[in-house]
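Residue-level listing of the chains:
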2 protein chains.
Amino acid sequence: MNTQCPSRDFIYQDWILTETKFNPEQLHSRGTVFTIGNGYLGTRGSLEEGHARGVPATFIHGVYDDVPVVYTELANCPDWLPLMIVINGDRFRMDEGEVLQYERRLDVSQGLLSRSLRWRSPSGKIIDIHFERFASLADQHILGQRCQLTPHDSDCTIEIQASINGYAENQGFNHWEGLDQGKTNQGVWLQSRTRGSQIEIGMAAKMTISGAEATLQVSIVPGYPTISASFVATSQQTITVEKLVTVFTSREINQPVTAAQEKLAQLSDYTTLLTANKQAWDEVWQKSDIHIEGDPTAAFAVRYNLFQLLIAAPFHDDKVSIPAKTLSGFGYRGHVFWDTEIFILPCFTFTQPAIAKNLLTYRYHTINGARRKANHYGFKGAMYAWESADTGDEVTPRWALPDDYYGEDVRIWCRDREIHNSADIAYAVWQYWQVTGDDEWMRDYGAEILLDAAIFWSSRVEYNKQGDRYEIRGVIGADEYHEFVHNNSFTNRMVQWHLEKAVKVYDWLGRNFPEQARKLEDKLELTSELERRWQDIIKKICLFYDSSTGLIEQFEGFFQLKDINLQDYEPRQRSMQTILGIEEANQYQVLKQPDVLMLLYLMRPSAEFPYNEKALATNWNYYAPRTDITYGSSLGPAIHAILAADLGKSTTAYERFIQALMVDLEDRRGNANDGIHGASAGGIWQAVIFGFGGIQLTEQGPIANPHLPPTWTSLKFQLHWRGHWYQFDLSREGTGDRGLGTGDRRQELIISPPSPPSPPTPPSPPTPDIRGFIFDLDGVLTDTAEYHYQAWQKLADEEGIPFNRQANEALRGVSRRASLMLIIGDRTYSEAQIEEMMERKNRYYVELIQHITSQDLLPGAIALLNELRQAGIKIAIGSGSKNAKTVIERLGIADKVDAIVDGYSVQKPKPAPDLFLYAAHQLGLQPQQCVVVEDAKAGVEAAKAGGMWAIGLGPVERVGAADIVLPSLAGVTWAELRTKFPQTAKR
Amino acid sequence: MNTQCPSRDFIYQDWILTETKFNPEQLHSRGTVFTIGNGYLGTRGSLEEGHARGVPATFIHGVYDDVPVVYTELANCPDWLPLMIVINGDRFRMDEGEVLQYERRLDVSQGLLSRSLRWRSPSGKIIDIHFERFASLADQHILGQRCQLTPHDSDCTIEIQASINGYAENQGFNHWEGLDQGKTNQGVWLQSRTRGSQIEIGMAAKMTISGAEATLQVSIVPGYPTISASFVATSQQTITVEKLVTVFTSREINQPVTAAQEKLAQLSDYTTLLTANKQAWDEVWQKSDIHIEGDPTAAFAVRYNLFQLLIAAPFHDDKVSIPAKTLSGFGYRGHVFWDTEIFILPCFTFTQPAIAKNLLTYRYHTINGARRKANHYGFKGAMYAWESADTGDEVTPRWALPDDYYGEDVRIWCRDREIHNSADIAYAVWQYWQVTGDDEWMRDYGAEILLDAAIFWSSRVEYNKQGDRYEIRGVIGADEYHEFVHNNSFTNRMVQWHLEKAVKVYDWLGRNFPEQARKLEDKLELTSELERRWQDIIKKICLFYDSSTGLIEQFEGFFQLKDINLQDYEPRQRSMQTILGIEEANQYQVLKQPDVLMLLYLMRPSAEFPYNEKALATNWNYYAPRTDITYGSSLGPAIHAILAADLGKSTTAYERFIQALMVDLEDRRGNANDGIHGASAGGIWQAVIFGFGGIQLTEQGPIANPHLPPTWTSLKFQLHWRGHWYQFDLSREGTGDRGLGTGDRRQELIISPPSPPSPPTPPSPPTPDIRGFIFDLDGVLTDTAEYHYQAWQKLADEEGIPFNRQANEALRGVSRRASLMLIIGDRTYSEAQIEEMMERKNRYYVELIQHITSQDLLPGAIALLNELRQAGIKIAIGSGSKNAKTVIERLGIADKVDAIVDGYSVQKPKPAPDLFLYAAHQLGLQPQQCVVVEDAKAGVEAAKAGGMWAIGLGPVERVGAADIVLPSLAGVTWAELRTKFPQTAKR
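Scoring rules and cut-offs
- Residues numbered from 1 in each chain as written.
- Chains lettered and ligands numbered in written order.
- Predicted model: local features only at pLDDT ≥ 70, side-chain atom pairs only at ≥ 80, totals over all residues.
- Heavy atoms only, no water.
- Helix = DSSP H or I, 4+ residues; strand = E, 2+ residues; numbered from the N terminus.
- Contact = heavy atoms within 4.5 Å.
- Buried area = accessible area lost by both parts, 1.4 Å probe.
- Salt bridge = Lys/Arg side-chain N within 4 Å of Asp/Glu carboxyl O.
- Nonpolar A, V, L, I, M, F, W, Y, C, P; charged D, E, K, R; others polar.
- 1 Å grid on protein atoms, 1.4 Å probe; cavity = no way out; pocket = protein on both sides within 12 Å on 5 of 7 lines; lining within 4 Å.
- Points joined across faces, edges and corners; volume = space filled by probe spheres on them.
- Axes fitted to C-alpha atoms, helices over the stretch in contact; angles between N-to-C directions.
- Parallel < 35°, antiparallel > 145°, perpendicular 65-115°, else oblique.
- Left-handed = near helix turned anticlockwise from the far one by under 90°.
- Pairing = 2+ DSSP bridges.
- Expected span 1.5 Å × (residues − 1).
- Buried < 20%, exposed > 50% of the residue type's maximum accessible area, 1.4 Å probe, protein only.
- Least-squares fit on C-alpha atoms with pLDDT ≥ 70 in both.
- Disulfide = S-S within 2.5 Å.
- Phe/Tyr/Trp six-rings, centres within 6.5 Å; stacked < 30°, edge-to-face > 60°.
- Lys NZ or Arg CZ within 6 Å of the ring centre and 35° of its normal.
- Patch = residues over 30% accessible without salt bridge, like charges linked within 9 Å, V, L, I, M, F, W, Y side chains within 5 Å.
- Areas by Shrake-Rupley, 256 points an atom, 1.4 Å probe, with all protein chains shown as cover.
- Lys, Arg positive; Asp, Glu negative; His and termini not counted.
- Charge placed at Lys NZ, Arg CZ, Asp CG, Glu CD.
- Polar contact = N/O pair within 3.5 Å; in protein donor to acceptor, adjacent residues only side chain to side chain.

**Q** What should I look at first to understand the environment of B:Ser230 in this one?
**A** Mapping B:Ser230 onto the fold places it in strand β19 (residues 226-233). Not counting residues within four places of it along the chain, the set of residues in contact with B:Ser230 comprises B:Ile158, B:Glu159, B:Glu213, B:Ala214 and B:Thr215.

**Q** I'm lost on the interface of chain B and chain A in this one. Help?
**A** With 44 residues of chain B in contact, the opposing surface of chain A contributes 43 residues. Three residues, B:Ile220, B:Tyr405 and B:Tyr406, lead the burial of chain B against chain A; their summed loss comes to 22% of the area buried on that side. At the boundary of chain B and chain A, one finds 6 salt bridges. Of the charged contacts, one joins B:Asp180 and A:Arg93 as a salt bridge, the two residues approaching to 3.8 Å between their closest N and O atoms. For the side of chain B that touches chain A, the secondary-structure elements that each account for two or more residues are β8 (83-87), β15 (176-183) and α7 (367-376) of chain B. Sort the elements by how many residues they give to the side of chain B that touches chain A and α7(B) lands first, with 4 residues. Here the side of chain B that touches chain A is built from residues that sort into 17 nonpolar, 11 polar and 16 charged.

**Q** Any chance you could explain empty space enclosed by the protein here in plain terms?
**A** Space left empty within the atom packing is revealed by a probe, the size of a water molecule, rolled over the atoms. Residue and element names in this part refer to chain B. Scanning all chains against the criterion turns up 12 cavities of 30 Å³ or more. Lining the largest cavity, in full, are Leu27, His28, Arg30, Gly31, Arg44, Gly45, Ser46, Leu47, His51, Gly54, Val55 and Arg104. Broken down by element, the lining of the largest cavity gets its largest block of residues, 4 residues, from helix α1 (residues 27-33). A per-class count over the lining of the largest cavity returns 3 nonpolar, 6 polar and 3 charged.

**Q** What am I meant to see in the packing of helix α19 (residues 650-661) of chain B against helix α20 (residues 678-692) of chain B here?
**A** All names here are of chain B. Two elements in contact, α19 and α20, have axes separated by 9 Å at closest approach and are oriented at 150°. In terms of their interaxial angle, α19 and α20 are classed as roughly antiparallel. Viewed along their axes, α19 and α20 form a crossing whose handedness is left-handed. For the pair α19 and α20, contact is made by Ala653, Tyr654, Phe657, Ala660 and Leu661 and by Ser680, Ile684, Ala687, Val688 and Phe692, respectively. Looking at the contact of α19 with α20, its residues break down into 9 nonpolar, 1 polar and no charged.

**Q** Help me understand the sheet that holds strand β18 (residues 215-219) of chain A in this model?
**A** Within a sheet, each strand pairs with its neighbour through backbone hydrogen bonds, oriented either parallel or antiparallel. Residues and elements named next belong to chain A. Read from one edge to the other, the open sheet built from 5 strands follows the order β9-β8-β14-β19-β18, with strand pairing classed as antiparallel. Either end of the sheet is taken by a strand with one partner, and the two such strands are β9 (90-91) and β18. Bridging between strand β8 (residues 83-87) and strand β14 (residues 156-163) involves 5 bridges; their strand directions are antiparallel. Directly across from isoleucine 87, in β14, lies its bridge partner isoleucine 158.

**Q** Where do I start with the sheet that holds strand β4 (residues 36-37) of chain B in this structure?
**A** Residues and elements named next belong to chain B. Strand order across the open sheet formed by 4 strands is β4-β5-β6-β7, with antiparallel pairing between neighbours. Every interior strand has two partners, whereas the edge strands, β4 and β7 (71-76), have only one. Across 5 bridges, the pairing between strand β6 (residues 58-67) and β7 is antiparallel. Bridging from a neighbouring strand, aspartate 66 pairs with threonine 72 of β7.

**Q** So what exactly am I meant to see when it comes to helix α21 (residues 784-799) of chain A here?
**A** Side chains three or four residues apart in an α-helix point the same way, a direct result of the helix having 3.6 residues per turn. All names here are of chain A. Compared with an ideal rise of 1.5 Å per residue, which puts 16 residues at 22 Å, α21 spans 22 Å between its outermost C-alpha atoms and is within 8% of the ideal. What α21 keeps buried is the set Thr784, Tyr787, His788, Tyr789, Ala791, Trp792, Gln793, Leu795 and Ala796. Where α21 is buried, its residues meet α22 (805-809), α23 (816-824), α24 (831-849) and α26 (884-891). One or two residues past the end of α21 sits glycine 800, with phi positive at roughly 70°.

**Q** Is there a simple way to think about the relation of the copies chain B and chain A in this case?
**A** Between the two chain copies there is a screw-like relation: a rotation about an axis and a shift along it. At an RMSD of 0.2 Å, chain B and chain A line up after a rotation of 179° and a shift of 0.0 Å along the axis. Here the transformation between the copies is reduced to the relation of a two-fold axis. Among all residues of chain B, the minimum C-alpha distance to the rotation axis is found for B:Phe173, at 2.0 Å. A shared interface surface links the copies, since 98% of the contact residues of chain B are contact residues in chain A too.

**Q** Sorry if this is basic, but what is going on with the pattern of salt bridges here?
**A** Proximity of charged atoms lets side chains of opposite charge pair with each other. Under the criterion given, the structure shown has 125 salt bridges over all chains. The partner of B:Glu19 in a salt bridge is B:Arg104, and the shortest N-O contact between them spans 2.9 Å. Of this pair, B:Glu19 sits in strand β3 (residues 16-19) while B:Arg104 sits in strand β10 (residues 98-107); the two residues are 85 residues apart in sequence, bridging distant segments of the chain. B:Arg104 matches B:Glu19 in its accessibility class, with the two residues each being buried. Taken together, the salt bridges that share partners define one network made up of A:Asp9, A:Glu19, A:Arg30 and A:Arg104.

**Q** Whenever I open this one, helix α4 (residues 296-310) of chain A confuses me. Can you help?
**A** Taking 1.5 Å as the rise per residue, α4(A) with 15 residues should run 21 Å; its terminal C-alpha atoms sit 21 Å apart, in good agreement. Buried residues dominate α4(A), accounting for 14 of its 15 residues.

**Q** Would you take a moment to explain the state of the cysteines for this structure?
**A** Under the definition given, this model contains 0 disulfides over all chains. Here B:Cys156 stays free of any disulfide, with the sulfur of B:Cys147 as its closest cysteine sulfur at 12 Å.

**Q** What's the story with the packing of aromatic side chains in this structure? I'm lost.
**A** Here the distance between the centres and the angle between the planes together describe a pair of aromatic rings. Tallying each qualifying case throughout the model produces 98 aromatic pairs over all chains. Measuring from ring centre to ring centre gives 5.2 Å for A:Phe717 and A:Phe728, while their planes differ by 25°; the resulting arrangement is stacked. Here the residue A:Phe717 occupies a position in strand β28 (residues 714-721), and A:Phe728 occupies one in strand β29 (residues 724-732), the gap between them amounting to 11 residues. Ring geometry for B:Trp685 and B:Phe690: centres 5.7 Å apart, planes at 85°, overall edge-to-face. Here B:Trp685 matches B:Phe690 in class, with each residue buried. One aromatic cluster is present, built from ring pairs that chain together A:Tyr332, A:Phe337, A:Trp338, A:Phe343, A:Trp386 and A:Phe490. Above the plane of the ring of A:Tyr845 lies A:Lys841, whose end atom (NZ or CZ) is 4.8 Å from the centre.

**Q** Which parts of the structure should I look at to understand a negative patch on the surface?
**A** Where like charges cluster on the molecular surface, the negative patch consists of A:Asp66, A:Asp390, B:Asp403 and B:Asp404. Secondary-structure assignment places A:Asp390 in the loop between α7 (367-376) and β22 (399-400). The exposure class assigned to A:Asp390 is partly exposed, which follows from its relative accessible area of 33%.

**Q** Help me understand the environment of B:Ser714, please; the structure alone is not making it clear to me.
**A** Residues and elements named next belong to chain B. Inspection of the secondary structure assignment puts serine 714 in strand β28 (residues 714-721). Among the residues examined, serine 714 registers a relative accessible area of 6% and is labelled buried. C-alpha separation for the pair serine 714 and alanine 75, spaced 639 residues apart in sequence, amounts to 43 Å. For serine 714, the contacting residues outside a window of four places in its chain are His291, Ile292, Glu293, Asp729, Leu730 and Ser731.

**Q** How should I be thinking about the pairing of strand β18 (residues 215-219) of chain B in this particular structure?
**A** Two faces make up the sheet, and in a regular strand the side chains alternate between them. Residues and elements named next belong to chain B. For β18 and β19, the ladder comprises 5 bridges, and the chain directions are antiparallel. Note that in β19 the partner of leucine 216 across the bridge is alanine 229. Between β18 and β19, which pair antiparallel and follow one another directly, the connecting turn spans 6 residues, one of which, glycine 223, has a positive phi of 80°.

**Q** In this structure, what is going on with the side chain of B:Asn808? I would like to understand it.
**A** Residues and elements named next belong to chain B. In this structure, asparagine 808 sits in helix α22 (residues 805-809). What makes asparagine 808 buried here is its relative accessible area of 13%. Excluding residues within four positions of it along the chain, asparagine 808 makes contact with Ala785, Tyr789, Trp792 and Phe803.

**Q** Whenever I open this one, the side chain of B:Glu48 confuses me. Can you help?
**A** Residues and elements named next belong to chain B. With respect to the secondary-structure elements, glutamate 48 resides in the loop between β5 (41-43) and β6. Looking at glutamate 48, the relative accessible area reads 5%, which means it is buried. For glutamate 48, the side chain forms a polar contact with the side chain of arginine 133, separated by 3.1 Å. Non-local contacts of glutamate 48, meaning those with residues more than four positions away in its chain, are made with Leu81, Pro82, Leu83, Arg115, Phe131, Arg133 and Gln145.

**Q** What exactly am I supposed to notice about the packing of α23(A) against α24(A) here?
**A** Geometry of a packed helix pair, given as the angle between the helix axes and the separation of the axes. Residue and element names in this part refer to chain A. Across the interface, α23 lies against α24 with an axial gap of 10 Å and an inter-helix angle of 110°. Judged by the inter-axis angle, α23 sits roughly perpendicular to α24. Of α24, the residues touching α23 (which contributes Arg816, Arg817, Leu820, Met821 and Ile824) are Glu831, Ile834, Glu835, Met837, Met838 and Asn842. Considered class by class, the residues forming the contact of α23 with α24 number 6 nonpolar, 1 polar and 4 charged.

What follows is the structure, encoded as structure tokens:
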């Protein structure tokens, strides 16, 4: 399917965005639009060859560094893109020579950005150039680039320079100090460190050229390591240049530059890596895709918005969150707002709960920052930062400083007054828990967030004796046009709601996990007195609600402000605050974004106070016309779309939806250059699912009550709810009624499958509920068995004991002491001698494993680990070895593993189940949710003894007791594996 | 002479500083100490090969760019130093391999920085490496580097990379956007532009290698143009690498990158350029040197401080001034304070008046900024910025923002309250005028500064009706520990003094230059009423002066503050403000720096109120013990040294002197890394001349009343005063009394020569008072005569008129029309035909001169122009050609010329004197102060007819009427030339 936007240069296809014209005026906004990434990093769509006005940018999650005024920002990381092409002495660049054909494509199905052009050089050579790039979703540390060159009409000499540019900058500021750089036989590497936060980055790159004779040279220009090559290209023959880059930071690993070098050394070729990336994306889209028919622009654009959220989503990191402008631009400096929890999170909670968990756990890891903020302002508990970064401390700038010499400083009050986000975070914690049923996370993380933020509220509210009521004075509500108000209804009701939930969670914890409840009571100074205070606040917090009409006053005195008719200001292209001025906007009944309506939206799923249909209609009629929905906040339109859909206002709903949907693709607000509007993208998902899909959550699961836009003939998506997947295929009855303008008429739709839901396609229940894999190390992931054998052999030789490979077979999965016993047999040694021999063997072994690299991983291991992680399955290593941690570090898989259980962890060795039971516990799983992968008899026995599934690697005579027996991990995939488990769950 | 500081690694010789040990801990402070420059730029002493913690920096005068919080800063310009050396694969660096021998030397007699070392590479090669660098004082756009390499014990392969690094940064911020770069057959070039201020820079570099076979290669790495070469070096043989760099900015020339390329193309070799640089320095030191005997450390260190001021001094630019940290560091962002006028300027006023004039004229060019500041604060006239940069607008930051999340912002009040500098600037204007007698400058520039700042004061003072007095409330005085005081004595008396002088200048202007007086009356709204108000303020401004004791209260209520005994806080290494806190320091009688004593110091030369010997002693005894002279302001010690010398407190005087003298060399305040303490360096000159030399200015000239420190056996220097040079050679009688500790005993010294002064050695009066040179263009500076000839020849050929080179000789110095008349002789043409032929010839000529470059300058021209400029002699071009401006631009000498008078300027051609008279007028000189250089008879006649000196170039039969006849300018120097003029002045 295919659509051409009138008067624009974009073509939208199902999964593909095509730009047909290069316009340097749009360089920066398109730089945002063509951002790619993999949840670890985001790279803006800048040009490989550079551009005089270009601002290349790559942001890596969590790599913040100090900066004046705004405290900290995501550092623009060294640029991995530079690829310079010189054709017969002319450097290829878009602003010289002549571009004869041009096309840029972003394929969101696999995160692949490409550019094809035919270029005539200033000296007249015509050449076809095709660029591609991707950031691998299969391995987040791998970046791939390809460039194909085809001279059109005559041979020419081509020089290629592939570089890492260490001079990346944040609007002029370069956060990086170069530490070192160099060449390897594989290519070049760069080691840099942020100036303030001292985060180290290691990058390595290599280039291969096929189709021409080329010798590579390496240059040592400081900060700009470069591989170059010159060759002759024959007319009409294509030369392919592949550049592969690896990147690590000290956030994941101790020696990032070594990790980058080692990973680079073992990389497959571009095509293989791209295939792995595509497979990883297929998995993700199976869950997250939304399929729309009848509206090709929306069909693509919804996927585009989801893509932009997915590439900014931390798949493997729970210490970061998604910034307001994702990882795609400099706007808001990479700071995290309520945008994440309220606007972005639901998309993940319902389709990628592992990511949602990471995002929320970020708030747990940053709770001490929230406590410092509360303490600074003289309050208790956790007062979450309005803008948050690595530590959770408040990083909202105090000032908007003027550029001109005598301009006034403008004080930004959000850090002090926009406090509702502590309740918003609690809302998201609660929602995640309700949707996933993840009690363990609630016990270990969520409860502490929710309760300590509740403690903040009890110190923040003020008791008004005269009115016998609690008040929250001097705040900014969701609507930021009013900067100092008392008893904002959104804030007050969210606080009340938060305290209601705090009481429930505290009770739940005490009943189900009394030990954890006691821990938190001690840590947070939770008392029953405090709980009573919460109850009192819940009862007496003031809310300005007219029960006869349902009308809510936005804050105390709002209705006394000057009224406004926004129509009087049309046409306009500026916000009402810009038009009226900050002071004046405070005096009017004009909203930047939904406030009372936002509250109603959040209370709608549970139909809690003050939500009801009448209240929604009344407040919509009052507030919607007074909201600066066009140029106020980009957070507004998607929410208005949903509420309008609820109210049957389908024209308005669709208008608002498109406004949010195209905010970046069509640069509707003129600031796409600052980065993707993440909250708007998250709002899009909610608008489709909750607005047009009309999804409501019942105890029996989600049900649909759709209001599809008139042109939509079908809407398909799937949701994950309390451990099950629900697939929705909503389609309009017949195809006659496609016109717009049918107004508020309630649409008749066939819901297929009708509620209750049928099982979705991926993953297919009722396979056993497998959530964790425990891998033995030796003989399974790596052949350290070989090193053990060599060490034992050396010891045996020294002691004159007969020993060989065959004898060694008996030692698989056997502890060190037991192995030695088997070797010495009935020979007599004192305990001291035995101790010494064990120590000696271990010394030999430790020496040997120093040379382990990721090349020692057995075939298939890395692919399976990656696939399992993508699938959200937890991974532990369960090894009897006391050197397991060293081996895992050396293998370079430490970041793929959630827990390591080794010889130090338990007393009884395999075949006792202790080791694996401990591993399951570490993963937070039940034994029957775990699969053990073993190559030893004792190991398989241990697994079975522990009540786990077992996969045995090796001959049946050794591992035949396992549920599944395989020769090795080579070619093994989880997709296939899970179909082999018995169809009856164990529980 | 030679001295070794105990426990330090510096050796001080007469002109040479030697560092004997490399200590990476001192990298940054030594980076400041080893700054070189040429008054156009300053380059910090960073290492050619780079260093992980290195911060290379080159600042060019006036190249400011926008930056948050502090508005603007001097942009660190692209680094011209990078020179990488790879020896058998090992990159030379100080932090790897082994440094076997090391020495770094700065020769301040010629601004040459060198470094010699013997290095063992990690792989064991031993090599001697010698680096040199200088920024040419003979041509400010030329930078030279040399590197000599001598393998010690075996042959090795060496790779050299010479680069320009376009990624220079200001503490992380890179102000430059790369525009373009490329290679020429000479080397590489780079074109960049500042982001905000849009100043363009063009740099070009070339490298030559002698002593080995090497082919140069050029790399196109973006922003880092690089020339590289590989060669084999033979053991014990020296290979010399020379790197020459040219630099221009759009502040001087329209197309800086073209200018840099062209200049690079015509450069002589390193040795020739270094010689020219040395000659230029010799000239400067002839005037500015201070020669001390008996105290080798002081002997060198005084020269060192002068050197640091000279390299920051704008020899050729009157739109810039010397920043507080000169051009040597990032401290204070290149902003200009009162430091320049009060501390630094006297050194120039008395030894390099042309530079002093430039510095003060900067305040004229920035007066509109001062007017905007006054207007912003609701005042009239010119309120000079406390911190000033390119526009004169106030650029003092408003805030010291905290690094930590919850720290308090500290408001910096200097922009609002430290207002005394408008009077300080007036003081410097007056002093310059008094010392130089430069009435023209006072008329055209100084008067407007002084009068408009006086107008500011009359709007700033407040009339206190009750006391019938004027007050200045709410200020910060010279002492910045007190941030909000009323009637600061320093400020109030300086304002009174300023208004006294304003009245005088206004009267003087009216009497001597009534036209200029009327112009200023119109422009500034000067009225006699205003003058009466000034008189009233002078009479009634309040000053807290006890006439019985001479004690002055620093401000209203100072004596009521808590007293302090600074001894109670010893030992300490922090300022009293840091110890007490900002608020608390305000409550104590503790001074950051002299305030009342500063006032007495400034009133001392003229012995004006409140200065007298008794008042000095009284106030010294009160304020000196209460001044934080060690860790307060670096502006204090030199002033205290002078006053202590006055009071006969020689031990204190010398202590304070050394404290100022060694502030950077010994990093006494721990902040040398921020840049040279410019005010302290300027204070050193004043301490030597006015303190130890005891110079007093009388109507008969300066006289000495020396108080030499005990160890000093001789002190020699020279001063320029009212058009004459005075040389001082002060020596102690006998040599017995050298010990310190003789206390306050007045020293008996022989003053030789005694007052009145004898003529100084350079320059030697009474040569005629020559202040300007007017050069004919054709045949004198360039051979455009040849192009004229070619154009005439072509025309003549087309017209069939006989013409040849011999006939052309008759056209020298003849106008276009007259030339044509000579050519056509008695042939008959209509006026229309004549017009057409003139136009045609000119077209041919204009076409021809498009190809002129600086290579078309005749031998000796550029050297003489440079020498004249160094000597402060003004330069005009007086050419009958109507294309003179184009030719001068193409020759690249536009920036050396003060005025161009061409065929458009006057009606009557040579031999009428009009053209040269007009040129003299443009230079602001009398005819008898000018020398005309001509190659034509008519030109020499014109010069003589105008009453000017004439130098004729060519045969006596042509130019014999000139005062001096020379074959050409080749080898001609001003030093020699001036001795040839008749010994009787014309006036």
